[in-house]
Amino acid sequence: MELRVASIPTQGGVEDVVMRLLAKGETMPLNDMGIEKHNYNELVKMISKPYGMILVVGPTGSGKTTTLHAALHHINRPDRKIWTAEDPVEITQYGLRQVQVQPKIGFDFAAAMRSFLRADPDIIMVGEMRDFETAKIGVEASLTGHLVLSTLHTNSAPETIVRLLDMGIDPLNFADALLGILAQRLVRTLCKNCKEQYHPSKEEFEEIVESYGAEDFAKLGIAYNKDFKLFRPKGCDVCDKTGYKGRMGIHELVVASDGIKRMVQKHETVEVLRNKAMSEGMTTLLQDGIFKSLKGFTDFIQVRRVCIK
């Protein structure tokens, strides 16, 4: 959670100083993450592989670490050696060897990974791929029989590929190493106690269709008629009159198919990679969010607030 601790004057007005509070608790099961069935099945296939690289991307506070630990929990077995380097260690799990990096003494993510490789773990989780050296070691580790999981601060899954290639990562090695990239955001969920059903206007429906993509929306088989309903916030004592209680993830998963790998090798643009991934079944963050609003988990306003089209 985030806590506003002070307000300081700036040239543009007043800016809040926010402190991030990290709550240590139980690891959330992967099937409780709100991941849609197709994405969930593909993600489980990826983390079950003996080697390769899986990245979870998004802005600070989007639940990347929670998702990584849920994935590790899913594959955590007594016969698997799992090592993690984090900054800081936010979630602890039985059976994992977890270390906190200390950049001030030279023990950064790259140094941690080099140390890990000497111990030959089966699975490595790196808190963040902040620089070329960490990314390069991660790719090399995934090509030499290790499953590597990490995070990156990028806006979308296809954009992550271009970002890493622009860092200087070898396209051929990266294409061989990559298993998939999961981009995510957190949206506020409607209070189950007071959310109310309503019949939206034709204009509201058309805005949703346009945002989703008319051609893709048609595949959902949802038509505008008198039976079409959405949910909106109302407010009650349970949710402190806000209409919202809790958060859930919306996701965008690029599976490193042969077609995607060939495009990585050619260093294609974000747009070309996105179109290829969507042709192979990827739903964008915005589409996944809209789908969850249609199911009544959240509303279109919250989805639009956290997504960039």
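Treat the numbers as computed from the prediction; the structure is a model and nothing was measured. (Residues numbered from 1 in each chain as written. Predicted model: local features only at pLDDT ≥ 70, side-chain atom pairs only at ≥ 80, totals over all residues. Heavy atoms only, no water.)

Among the 6 residues that make up strand S7 (residues 147-152), 6 are buried, leaving the element largely enclosed by the rest of the structure. Burial along S7 is two-sided: Leu147, Leu149 and Thr151 and Val148, Ser150 and Leu152, pointing in opposite directions, are all buried. Pairing analysis gives 6 bridges linking strand S3 (residues 52-57) to S7, with the strands arranged parallel. The residue bridging leucine 55 from the neighbouring strand is serine 150, located in S7. Note: strand S6 (residues 123-126) against S7, 4 bridges, orientation parallel. Looking across to S7, one finds that isoleucine 124 is bridged to valine 148. (Buried < 20%, exposed > 50% of the residue type's maximum accessible area, 1.4 Å probe, protein only. Helix = DSSP H or I, 4+ residues; strand = E, 2+ residues; numbered from the N terminus. Pairing = 2+ DSSP bridges.)

Moving on: the packing of helix H7 (residues 202-212) against helix H11 (residues 285-294). Orientation of H7 relative to H11, taken along the N-to-C sense of each, is 145°, at an axis distance of 9 Å. Within the contact between the two elements, H7 uses Ile208, Ser211 and Tyr212 and H11 uses Leu286, Gln287 and Ile290. Class assignment for the residues of the contact of H7 with H11 results in 4 nonpolar, 2 polar and no charged. (Axes fitted to C-alpha atoms, helices over the stretch in contact; angles between N-to-C directions. Contact = heavy atoms within 4.5 Å. Nonpolar A, V, L, I, M, F, W, Y, C, P; charged D, E, K, R; others polar.)

Its place among the elements puts valine 101 in the loop between strand S5 (96-100) and helix H3 (109-119). Looking at valine 101, the relative accessible area reads 2%, which means it is buried. Each C-alpha atom of the pair valine 101 and glutamate 196 lies 47 Å from the other, and the pair is 95 residues apart in sequence. Other than its neighbours up to four places away in sequence, valine 101 contacts Ala85, Glu86, Asp87, Phe107, Asp108, Phe109 and Ala112.

Cis geometry marks the peptide bond from aspartate 87 to proline 88, where omega comes out at -5°. Within the secondary structure layout, proline 88 lies in the loop between strand S4 (82-86) and S5. Residue lysine 241 is not a glycine yet carries a positive backbone phi of 65°. As for its position among the elements, lysine 241 is in the loop between strand S10 (230-232) and strand S11 (244-255). Its relative accessible area of 58% is what places lysine 241 among the exposed residues.

Counting 58 residues, the largest nonpolar core has Ile161, Phe174 and Ile290 as the members making the most contacts within it. If we skip the residues at most four places from it in the chain, isoleucine 161 touches Phe174, Leu178, Ile181, Ile260, Val264 and Leu273. By size, the runner-up hydrophobic cluster in this structure holds 24 residues, among which are Leu43, Met46, Leu96 and Ile123. (Core = buried A, V, L, I, M, F, W, Y, C linked by side-chain atoms within 4.5 Å.)

With that out of the way, let us pick up empty space enclosed by the protein. Following the criterion strictly, the structure yields 1 cavity of 30 Å³ or more and no others. The volume enclosed by the largest cavity comes to roughly 30 Å³. Elements supplying a minimum of two residues to the lining of the largest cavity: helix H1 (37-47), S3 and helix H2 (64-75). Per element, the largest residue contribution to the lining of the largest cavity is 3 residues, and it comes from H2. (1 Å grid on protein atoms, 1.4 Å probe; cavity = no way out; pocket = protein on both sides within 12 Å on 5 of 7 lines; lining within 4 Å. Points joined across faces, edges and corners; volume = space filled by probe spheres on them.)

The subject of this paragraph is the packing of aromatic side chains. Inspection of every chain in the model, using the stated rule, returns 6 aromatic pairs. Ring geometry for tryptophan 83 against phenylalanine 116: centres 5.2 Å apart, planes inclined by 75°, an arrangement best described as edge-to-face. Note that tryptophan 83 is positioned in strand S4 and phenylalanine 116 in helix H3, a separation of 33 residues in sequence. Judged by relative accessible area, phenylalanine 116 falls into the buried class, the value being 2%. Their ring planes at 55° and their centres at 6.3 Å tell us that tyrosine 224 and phenylalanine 228 sit as a pair that is tilted. For tyrosine 224, a relative accessible area of 25% puts it in the partly exposed group. (Phe/Tyr/Trp six-rings, centres within 6.5 Å; stacked < 30°, edge-to-face > 60°.)

The next thing to look at is the confidence of the model for the chain. Looking at the chain as a whole, its pLDDT mean stands at 91, while 91% of the residues score no less than 70. For residues 1-6, every residue scores under 50 in pLDDT, and the model assigns this stretch 18 contacts once sequence neighbours within four places are set aside. (pLDDT = per-residue confidence, 0-100.)

Inspection of every chain in the model, using the stated rule, returns 15 salt bridges. For aspartate 216, the salt bridge identified is with lysine 219, shortest N-O distance 3.6 Å. Residue classification places lysine 219 among the exposed positions, given a relative accessible area of 64%. Here glutamate 280 and lysine 276 are joined by a salt bridge, their closest N and O atoms 3.5 Å apart. Lysine 276 gets classed as partly exposed once you look at its relative accessible area, which sits at 25%. Through salt bridges with shared partners, a single ionic network connects Asp87, Glu128 and Arg130. (Salt bridge = Lys/Arg side-chain N within 4 Å of Asp/Glu carboxyl O.)

What follows concerns the sheet that holds S4. Overall, mixed pairing links the 7 strands, which are arranged S5-S4-S6-S7-S3-S8-S11 in an open sheet. Since the sheet does not close on itself, it has two edges, and those belong to S5 and S11, each with one partner. Across the sheet, the mean angle separating the axes of adjacent strands is 20° when strand polarity is ignored. Of the strands in this sheet, S4, S5, S6 and S7 touch H3, which is tilted by about 165° from S4.

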